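Descriptive analysis of the structure
So you can see what is in the structure, the chains are spelled out below.
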Amino acid sequence: MCGIVGFTGKRQAAPILLDGLAKLEYRGYDSAGMAVSDENGKTEVVKAKGRLRALEEKTDNGLAVKGCCGIGHTRWATHGEPSEENAHPHVSDDMSVVAVHNGIIENYQEIKEKLRKKNYSFYSQTDTEAIVKLIDYYYKKYNAGPVDAIAKAMVRVRGSYALAVMFKDYPGEIYAARKDSPMIIGTENGESYLASDVPAILKHTRNVYYIGNLEMARLSPEGVEFYNIDGDIIEKKYVEIIWDAEAAEKGGFAHFMLKEIHEQPKAVADTLASAVKDGRIDLSSVGLTDEDMKGIGQIIIVACGSSYHVGMAAQYVIEDLAHIPVRVELASEFRYRTNLLKDNDLVVFISQSGETADTLAALRAVKEQGINTLAIVNVVGSSIAREADNVFYTLAGPEIAVATTKAYSTQLIVSYLLAVQLAMVRGEIDEERYSSLIAELMSLPEKMQKLLENKERIQWFAAKFANAKDIFFIGRGIDYAICLEGSLKLKEISYIHSEAYAAGELKHGTISLIEEGTLVVGVLTQKELFEKTISNMVEVKSRGAYLMGLTTYGHYSLEDTADFTVYVPQTDEHFAPSLAVIPLQLMSYYVSVAKGLDPDKPRNLAKSVTVE
Ligand code: M6R
């Protein structure tokens, strides 16, 4: 949570910081602030409660704040309510040290206590103020410079942080430190940048450095130097980012979410192209050999939120095609359980950001047991990507909207590719089936495109239900996995209470919530389960529900039961989630817009959940 940026160079810092923060606003948007210093180290701090717009207004779009070195922050509150006082940057009493922080300092109370005894006082409720003042304390006590002071503070604090710090005595320089919270650094043409995520600096440089855990950096206009926790200089190589800068702009769409929904055919085609060569799946870049795949005893998929929903769909597909037992686990539960893993298990971690705290902690726990790990990740160089034994990158490009759409779709594709290849290598399918499954996968982008060309009916329907109190999604098998995602999309951006239920479970409790007019969305893409789910839809209809049915072309009998029917193109049933999810994404988006909400920045949420 929270986004941080930093800039030092020849140009005025404030407009550059605001521009970078705008790209990071998806990470938090309850308050924002910046600190800019001039060539003498004189620093001005400006903060505003609310969206970034408030800070832009307060600083006349940055023009009112002068200086070529600065740090900025957009906040998602953890410690202390959203307020100007709690907004970052935070400062030491005499402004010697000014910093922005993303993460959580777990022992901040203990640090505050220690510092109070040294005559420090605190003006905010934040954990960040504690680390700023701790750095200030070591800086003055040992008089050994910024790197030494920060390193001493790093040893003392527990928790996670991406920190950008300016010192009054070191004008033009920004010091950075990181543990378990994302941060990237770029330097080009006499200017240096830091940010929580790539889109914030993409228009300035494509060459980025990933600063490792418990490492520090010193940014100046001349370049960047990296240090380990002992203060020794370390060498780092930059990574070239291939996303283009336009990918992080709205490109004529009203919202990032709508743009990203429309980017799905391309994202899926790119992800397929990365692994399908001459009509065969080639996982050599992932590092999974045929021998590895033959030897797998069980697959455990660990993820959070929508990525977990991908795992739910993948479970059905892998078990059905490759006949390998699959368990799907919520990372936040998995990490605190006794997990009886075997040496020949493969644990798969799915994450768009590659920084989700629970997923990362679960990965580390599995690695400690020496079990083989595979990450399915979108953000290149993110912590999960770096720490897993093997990585399968999704090629969704930067995803800015908080509600995932294109990353979810590419994660699904990766799980299908794995399932089909596992099935082939393990002799569960023959050449003919293998080729037809791959051909079907390759046809998905075009089918997705067709769906996107016919969205007006969904828009009309969504507007009708914008004031609904509750909406239920029901389905069986893979359709239940689609329902989970449809329901999450709807509730997170429309604030309508919604639940996904395995259709057969309804009558074990949930059916009592059905009232006259309650919208129930039935998803029916699986031939064998079609009649069963229809029966469940009839049950709720007879209790007053209004029914939307989502199925594939050919299943026209659904119209006898549903009040409103949406069709998606036919495909192999294993791959149906890729098509069925699109009308559900569109429906959520249009409900949110009809309610006058901002679908890109739903309340209380942040894109990347780097805290527990
Ligand atoms: O970055 P991750 O895929 O690890 O994020 C996990 C969840 O926070 C995420 O999928 C979340 O549920 C979605 N943004 C919801 O649309």
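None of these values were measured; they are calculated from a predicted model.

What follows deals with the overall build of the chain. A tally of helices and strands in the chain yields 18 helices and 27 strands. In summary, the chain has a C-alpha radius of gyration of 25 Å against a globular reference of 25 Å for 612 residues, a match within 12%. Structurally, the chain occupies a C-alpha span of about 75 × 55 × 45 Å along its principal axes. Excluding contacts between residues fewer than 6 apart, the proportion of contacts in the chain whose partners are at least 24 apart in sequence is 70%. Summed over its atoms, the accessible surface of the chain is roughly 22800 Å², and 48% of this surface lies on carbon and sulfur atoms. Here the chain carries 65 positive and 84 negative side-chain charges, and the mean point of each set is 4 Å from the other.

That bond from His-88 to Pro-89 is cis: its omega, 0°, falls within 30 degrees of zero. In this fold, Pro-89 is placed in the loop between strand S4 (69-75) and strand S5 (90-91). Phi is positive for Leu-214, which is not a glycine, with a value near 60°. Along the polypeptide, Leu-214 turns up in the loop between strand S11 (207-210) and strand S12 (215-220). For Asn-604, which is not a glycine, the phi torsion comes out positive at approximately 65°. Assignment of secondary structure puts Asn-604 in the segment after helix H18 (576-594).

Before going further, it helps to spend a moment on the environment of Asp-320. Tracing the backbone through its elements, the reader meets Asp-320 in helix H9 (residues 305-322). In this structure, the C-alpha to C-alpha distance between Asp-320 and His-574, residues 254 residues apart in sequence, is 8.6 Å. A distance of 2.7 Å separates polar atoms of two side chains, one belonging to Asp-320 and the other to His-574.

The next thing to look at is the pattern of salt bridges. A full pass over the atoms with the stated rule returns 37 salt bridges. For the salt bridge of Arg-11 with Glu-191, the shortest nitrogen-to-oxygen distance reads 2.7 Å. Of the two residues, Arg-11 sits in the loop between strand S1 (3-8) and helix H1 (13-24) while Glu-191 sits in strand S10 (residues 191-195), which places them 180 residues apart along the sequence. In this structure, Lys-179 engages Asp-180 in a salt bridge whose closest nitrogen and oxygen atoms are separated by 3.7 Å. Given the relative accessible area of 24%, Lys-179 is considered partly exposed.

This paragraph deals with the nonpolar core. Core analysis: the biggest nonpolar cluster contains 127 residues, and Ile-299, Ile-318, Phe-392, Val-420 and Met-587 have the highest contact counts within it. A total of 13 residues in this core trace back to one element, the largest contributor, which is helix H13 (residues 406-425). Apart from the residues lying within four places of it in its own chain, the contact partners of Val-420 are Ile-281, Leu-321, Ile-429, Tyr-434, Leu-437, Ile-438, Leu-441 and Phe-575. Membership of the second largest hydrophobic core comes to 31 residues, among which are Ala-99, Tyr-108, Leu-163 and Tyr-175.

It is worth spelling out helix H7 (residues 264-275) at this point. Spanning twelve residues, H7 covers 17 Å between terminal C-alpha atoms, matching the ideal 16 Å at 1.5 Å per step. All of the buried residues along H7 are Gln-264, Pro-265, Ala-267, Val-268, Thr-271, Leu-272 and Ala-275. An end-on view of H7 places all buried positions within 165° of arc, on one side of the element.

What follows is about the pairing of strand S25 (residues 519-524). Judged by how many residues are buried, S25 sits mostly within the fold: six of six residues are covered. Burial of S25 is two-sided: the residues Leu-519, Val-521 and Val-523 facing one way and the residues Val-520, Gly-522 and Leu-524 facing the other way are all buried. Note: strand S23 (residues 470-475) against S25, four bridges, orientation parallel. Within S25, the position partnered with Phe-472 by the bridge is Val-520. As paired strands, S25 and strand S26 (residues 546-552) are joined by six bridges and run parallel to one another.

Another point: the packing of aromatic side chains. Inspection of every chain in the model, using the stated rule, returns 19 aromatic pairs. Seen from their ring centres, Tyr-209 and Tyr-238 are 6.1 Å apart, and the 85° between their planes marks the pair as edge-to-face. One end of the pair, Tyr-209, is in strand S11; the other, Tyr-238, is in the loop between strand S14 (233-234) and strand S15 (239-240), with 29 residues separating them in the sequence. Of the residues examined, Tyr-209 reaches a relative accessible area of 15% and is grouped as buried. We classify Tyr-238 as partly exposed; its relative accessible area is 46%. Relative to Phe-564, the ring of Phe-461 lies with its centre 4.1 Å away and its plane at 0°, an arrangement referred to as stacked. Placement of the pair is Phe-461 in helix H15 (residues 456-464) and Phe-564 in strand S27 (residues 564-568), with a sequence separation of 103 residues. Among the aromatic residues, ring-to-ring pairing joins Trp-460, Phe-461, Phe-465, Tyr-546 and Phe-564 into one connected group.

What follows covers H1. Taking 1.5 Å as the rise per residue, H1 with twelve residues should run 16 Å; its terminal C-alpha atoms sit 17 Å apart, in good agreement. Burial runs high along H1: nine of the twelve residues are buried. Buried within H1 are the following residues: Ala-13, Ala-14, Ile-16, Leu-17, Leu-18, Gly-20, Leu-21, Lys-23 and Leu-24. Among the structural elements, S1, strand S2 (31-37), helix H2 (52-58), S4 and S10 are those in contact with the buried residues of H1.

It is worth spelling out the sheet that holds strand S22 (residues 390-393) at this point. Spatial ordering of the open sheet is given by S19-S18-S20-S21-S22, a layout of five strands whose pairing is parallel. Here the strands that pair on one side only, and so sit at the sheet edges, are strand S19 (326-330) and S22. For this sheet, the mean angle separating the axes of adjacent strands, direction not counted, is 20°. When strand S21 (residues 372-377) meets S22, the two strands line up parallel, connected through four bridges. Within the sheet, the bridge partner assigned to Ile-376 lies in S22 and is Phe-392. Helix H11 (residues 357-368) contacts strand S18 (299-303), strand S20 (346-351) and S21 of the sheet and is inclined by roughly 165° relative to S20. Lying over the sheet, H13 contacts S18, S20, S21 and S22, oriented at roughly 140° with respect to S21.

Right, let's get into the sheet that holds strand S3 (residues 43-49). Pairing within the open sheet is antiparallel, and its eight strands lie in the order S3-S2-S4-S1-S10-S9-S11-S15. This sheet does not close on itself; its edge strands, each paired only once, are S3 and S15. The pairing of strand S9 (residues 184-188) with S11 spans three bridges and is classified as antiparallel. Within the sheet, the bridge partner assigned to Gly-186 lies in S11 and is Val-208.

A few words on the site of the ligand. As a structural note, the neighbourhood of the ligand is formed by 14 residues, with Ser-307, Ser-351, Gln-352, Thr-356 and Glu-492 the closest of them. Here an oxygen atom of the ligand sits 2.6 Å away from a polar atom, N or O, in the side chain of Ser-307. Between the ligand and Glu-492, the relevant distance is 2.6 Å, taken from an oxygen atom to a side-chain nitrogen or oxygen of the residue. Look at the ligand: alone it shows 410 Å² of surface, and the protein chains cover 90% of it.

About the cut-offs
Positions within a chain are numbered from 1, following the residues in the order the chain's sequence is written. The model is predicted, so local features are restricted to residues of pLDDT at least 70 and side-chain atom pairs to those at 80 or more, both for listing and for counting; the totals for chains, interfaces and linings are taken over all residues. Computation of side-chain values covers all heavy atoms of the structure but excludes hydrogens and water. Going along the chain from the N terminus, every DSSP run of H or I of four or more residues is numbered as a helix, and every run of E of two or more is numbered as a strand. Just to be clear, the radius of gyration here is over C-alpha atoms, and the globule rule we use is 2.2 Å times residues to the power 0.38. Whether two residues touch is decided by their heavy atoms; if any such pair falls within 4.5 Å, the residues are in contact. In this description, accessible areas are obtained by the Shrake-Rupley approach with a 1.4 Å probe, and a residue is regarded as covered only by the protein chains that are shown. The charged-residue count follows a simple rule in which Lys and Arg add positive charge and Asp and Glu add negative charge, with His and chain termini not counted at all. Just so you know, the charge point we use is NZ for Lys, CZ for Arg, CG for Asp and CD for Glu. By the criterion applied in these results, polar contacts are pairs of N or O atoms within 3.5 Å in which, for protein atoms, one can donate a hydrogen and the other can accept it, and in which residues neighboring in sequence qualify only through two side-chain atoms. Only one rule defines a salt bridge in this text: a Lys or Arg side-chain nitrogen within 4 Å of an Asp or Glu carboxyl oxygen. For every residue, the accessible area (1.4 Å probe, protein chains only) is compared with the maximum for its type, and the residue is labelled buried under 20%, exposed over 50%, or partly exposed between those bounds. Remark: nonpolar core denotes a set of buried residues (Ala, Val, Leu, Ile, Met, Phe, Trp, Tyr, Cys) joined through side-chain atoms within 4.5 Å. In this scheme, a helix's expected span is set at 1.5 Å multiplied by one less than its residue total. In this description, one arc is meant: the one made by directions from the helix axis to the C-beta atoms. Pairing between two strands requires that DSSP report at least two bridges joining them. Note on aromatic contacts: the rings of Phe and Tyr and the six-membered ring of Trp form a pair at centre separations within 6.5 Å, being stacked when their planes are under 30 degrees apart, edge-to-face when over 60 apart, and tilted otherwise. Here an axis means a line fitted to C-alpha atoms, over the contact stretch when the element is a helix, while the angle between two N-to-C directions is reported on a 0 to 180 degree scale. Any residue with a heavy atom lying within 4 Å of a molecule or strand is counted as near it.

Read these as layout, nothing more, since geometry by itself doesn't imply function.
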